[in-house]
Amino acid sequence: MHGTHDTEVTGDGTALYDLPDIERWAPEPDKRPGRTAFQRDRARVLHSAALRRLAGKTQVVAPGSSAQAWDASPRTRLTHSLECAQVGRELGAALGCDPDLVEAACLAHDLGHPPFGHNGERVLSEIAAPCGGFEGNAQSLRLLSRLEPKRFLTVDEDSDSGGRTAGRIPVGLNLTRAALDAATKYPWARGGHPTDPDSPKFGVYEDDLHVFHWVRRGAPGERKCFEAQVMDWADDVAYSVHDVEDGLHAGHLDPNVLHAEPERRDIFAVTVARYASDAADDELAAALDRLLEQEWWPHGYDGSAVAQAGLKDATSQLIGRFCLAAEGATREAHGSGRLTRYGAELVVPREIRMECAVLKAVADRYVMQRPDLERLRADQRVVLGELAEELTARAPDGLDPQFRALFAEAEDDAGRLRVVVDQIAALTDISARSLHGRLTRSG
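Quick look at the structure, then. (Residues numbered from 1 in each chain as written. Predicted model: local features only at pLDDT ≥ 70, side-chain atom pairs only at ≥ 80, totals over all residues. Heavy atoms only, no water.)

## Considering the state of the cysteines
Here, disulfide denotes a covalent bond that connects the sulfur atoms of two cysteines. We apply this condition: Any two cysteine sulfur atoms within 2.5 Å of one another count as a disulfide. Only protein chains enter the area calculation, which uses a 1.4 Å probe; residues under 20% of their type maximum are buried, those over 50% are exposed, and those in between are partly exposed.
On inspection of all chains with the given rule, the structure shows zero disulfides. Sulfur of Cys 106: no disulfide; nearest cysteine sulfur belongs to Cys 84 and is 3.8 Å away. Given the relative accessible area of 0%, Cys 106 is considered buried. The thiol of Cys 323 is unpaired, and the distance to the nearest cysteine sulfur, on Cys 356, comes to 9.7 Å.

Right under this line is the structure:
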């Protein structure tokens, strides 16, 4: 089973993994001896076009939407991914994971997110219903294992190619099995959530199951590997803390409302509805109050240098609080040895999870639910819907060369629709609007 440590050292002695963990779908020689398999994985994600495109995808606060002239540059999906990677790398290393493996997973976790964030994800899910739906995490696996141009596998037969035609088959970045597994937040297919069959979250499309089954060979059911759990918690920590920070910078959040009613009840309602369905209001009130009682908590914000430094200190304190609590609880449960693959579970104390969930709800309530954002989201839905109609009607014309070739190779309407969705998902916010404008004007 993965997680035993008697067969392979990754090269620098910092982590031990089995030979199957460093296997790649397409075997390839090392270009530079001495570099570990997971260092190569991290480098491949870092140099990918898919990662660069995240710079053009909004995280929460869109550039130019600030209510304050002194607003600092808001985060994008790229900066969020970099911050998630820093948090995950340090937490993973403290628990005995290979730090390059965890960092690669954190850098890769949002690659499949489409333009306009979760709003775009919902639109594409409706558009892609005839071909199996759309989910950003499933799209990430598709990018890593198929769409991102890096490596090809040459085969004589299609017996091991997922039913695809023999020849030169793209295998994406050709990451190791462990890296793909660590980047898989939802290790199940559509409708396969282990406790909620109606959940919209899933990690693989039907036509990518061949690589998914290879990645998950030997995995215990739908259980996430330990590195994926670290990545998932690093993601939660990074966006819960930084989304609140961006909301304060932009002037969308007055920290004084966190002491007042009925605002607190509104925050708790959002928390239960979206982030902690089993939480009670008194539990959430206690979690919020614990944060408000900290000496470093920002009770006011005016954009001055002193206020900005204080807010930055608060974000550091929060990240440390959330990560150290997880590290301590996990060590208490599993001891001081190296924790990797399926050898342990990440333990996050419930009180800390509630604090993180409340922070998510604060950003949700005061940043994401702003009336002006809903108008913007409505416009974004129109853009993506019309873009899908135009591309479908004109395809393969209008598609990028890579997707034009994939469209021609598709065997049926569902396969061709999936290619159109792949093209749209690859766009940035600006390029989606630009392409929409060109196609609708020329139509």
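## Some thoughts on empty space enclosed by the protein
Here is the rule: Both site types are read off a 1 Å grid over the protein atoms alone. A 1.4 Å probe that fits but cannot get out defines a cavity, while an open set with protein on both sides within 12 Å along at least five of seven lines defines a pocket; lining residues have an atom within 4 Å of a point. Grid points are joined across faces, edges and corners, and a volume is the space filled by probe spheres set on the points. Secondary structure elements follow DSSP: runs of H or I of four or more residues count as helices, runs of E of two or more count as strands, with numbering from the N terminus. Ten residues, namely Ala, Val, Leu, Ile, Met, Phe, Trp, Tyr, Cys and Pro, are considered nonpolar, four, namely Asp, Glu, Lys and Arg, are considered charged, and the remaining ones, Gly among them, are considered polar.
Taken as a whole, this structure holds four cavities of 30 Å³ or more when the rule is applied. In terms of lining residues, the largest cavity is bounded by 13 residues, among which Trp 25, Ser 145, Arg 146, Val 171 and Val 211 are the most central. When contributions to the lining of the largest cavity are tallied by element, the ones reaching two or more residues are α6 (136–147) and α8 (209–215). When grouped by side-chain class, the residues that make up the lining of the largest cavity number seven nonpolar, three polar and three charged.

## Examining the pattern of salt bridges
In plain terms, the rule: Think of a salt bridge as a Lys or Arg side-chain nitrogen and an Asp or Glu carboxyl oxygen that are within 4 Å of each other.
Counted under the stated rule, the structure contains 42 salt bridges. A salt bridge links Arg 24 to Asp 41; the shortest N-O distance between them is 2.8 Å. Taken together, the positions of Arg 24 in the segment before α1 (37–46) and Asp 41 in helix α1 put the pair 17 residues apart, joining distant regions of the chain. Grouping residues by exposure puts Arg 24 and Asp 41 together as buried. The salt bridge involving Asp 289 is made with Arg 264; its shortest N-O contact spans 3.1 Å. Of this pair, Asp 289 sits in helix α11 (residues 281–292) while Arg 264 sits in helix α10 (residues 263–274); the two residues are 25 residues apart in sequence, bridging distant segments of the chain. Taken together, the shared-partner salt bridges in this structure form one network comprising Glu 28, Asp 30, Arg 40, Arg 44 and Arg 151.

## With respect to unusual backbone geometry
The omega angle of the peptide bond from Glu 261 to Pro 262 is 5°, so this bond is cis rather than trans. Within the fold, Pro 262 resides in the loop between α9 (226–250) and α10. At Asn 174, a position not held by glycine, the phi torsion is positive, near 55°. Mapping Asn 174 onto the fold places it in the loop between β2 (167–170) and α7 (177–182). Phi angles above zero are rare outside glycine, and Arg 341 is one such case at about 50°.

## Regarding the environment of Ala 357
Quick note on the threshold: Between two residues, a contact is recorded if the distance between any of their heavy atoms is within 4.5 Å.
Looking at the secondary structure, you find Ala 357 in helix α13 (residues 350–368). Of the residues examined, Ala 357 reaches a relative accessible area of 3% and is grouped as buried. Put simply, Ala 357 and Val 272 are 85 residues apart on the chain and 8.8 Å apart in space, counted from C-alpha to C-alpha. Not counting chain neighbours up to four residues away, the residues in contact with Ala 357 comprise Thr 271, Tyr 275 and Ala 276.

## Observations concerning the packing of aromatic side chains
Definition in use: For Phe, Tyr and Trp, rings pair up if their centres lie within 6.5 Å, where Trp contributes its six-membered ring, and each pair is then called stacked (planes under 30 degrees apart), edge-to-face (over 60) or tilted (otherwise). Definition used: whenever NZ (Lys) or CZ (Arg) falls within 6 Å of the ring centre and also within 35 degrees of the ring normal, the charge is taken to sit over that ring.
Counted according to the given criterion, the structure contains five aromatic pairs. An angle of 85° between the planes, with centres 5.1 Å apart, marks the rings of Tyr 17 and Phe 38 as edge-to-face. Residue Tyr 17 is located in the segment before α1, and its partner Phe 38 is located in helix α1; the two are separated by 21 residues in the primary sequence. Of the two residues, Tyr 17 and Phe 38, both sit in the buried class. Seen from their ring centres, Trp 25 and Trp 214 are 5.4 Å apart, and the 90° between their planes marks the pair as edge-to-face. Taken together, the residues span a long stretch of sequence, with Trp 25 in the segment before α1 and Trp 214 in helix α8 at a distance of 189 residues. When the ring centre of Tyr 205 is taken as reference, the NZ or CZ atom of Arg 418 above it lies at 3.8 Å.

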